[in-house]
Amino acid sequence: MSVMRWARGKSPWIAVLHAGGCNNCDIEVLDVLTPRFDVERLGVLWKQNPRHADILITNG
């Protein structure tokens, strides 16, 4: 339980930047946020604005 508490407290926020292409990379990255993998329970949040994010994922 302490690992989950630590992960929620130190969790990264991500922003995804789609730079063109066939959209397959974008689908794979956003698939991680679906209930099947559910990384939000570890505190990883997807933010719309890159200014609020800790990690910028560029694909395309």
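Preceding this section is the structure that the text describes.
Cut-offs applied
- Residues numbered from 1 in each chain as written.
- Predicted model: local features only at pLDDT ≥ 70, side-chain atom pairs only at ≥ 80, totals over all residues.
- Heavy atoms only, no water.
- Helix = DSSP H or I, 4+ residues; strand = E, 2+ residues; numbered from the N terminus.
- Buried < 20%, exposed > 50% of the residue type's maximum accessible area, 1.4 Å probe, protein only.
- Contact = heavy atoms within 4.5 Å.
- Pairing = 2+ DSSP bridges.
- Phe/Tyr/Trp six-rings, centres within 6.5 Å; stacked < 30°, edge-to-face > 60°.
- Lys NZ or Arg CZ within 6 Å of the ring centre and 35° of its normal.

Peer 1: Describe in detail the overall build of the protein chain, supporting the description with residues and values.
Peer 2: Each helix and strand counted, the protein chain has 2 helices and 3 strands in total. Counting from the amino terminus, helix and strand elements in the protein chain follow one another as α-β-α-β-β. Reported as C-alpha extents along the three principal axes, the dimensions of the protein chain are approximately 40 × 25 × 15 Å. Burial analysis of the protein chain (60 residues in total) assigns 18% to the buried set. Taking as baseline every contact in the protein chain between residues at least 6 positions apart, the subset at least 24 positions apart corresponds to 83%.

Peer 1: An account of the sheet that holds strand 2 (residues 45–46) is requested, with residue identities and associated values reported.
Peer 2: Strands sit in the order 2-1-3 across an open sheet of 3 strands; the sheet is parallel. The open sheet is flanked by strand 2 and strand 3 (55–59), the only strands paired with a single partner. As paired strands, strand 1 (residues 13–18) and strand 2 are joined by 2 bridges and run parallel to one another. Its bridge partner being in strand 2, Ile14 is matched across the sheet by Trp46.

Peer 1: Account for the packing of aromatic side chains, naming residues and giving values.
Peer 2: Here the distance between the centres and the angle between the planes together describe a pair of aromatic rings. This model, assessed by the stated rule, comprises 0 aromatic pairs. Taking NZ or CZ as reference, Lys47 lies 4.2 Å from the ring centre of Trp13, over its face.

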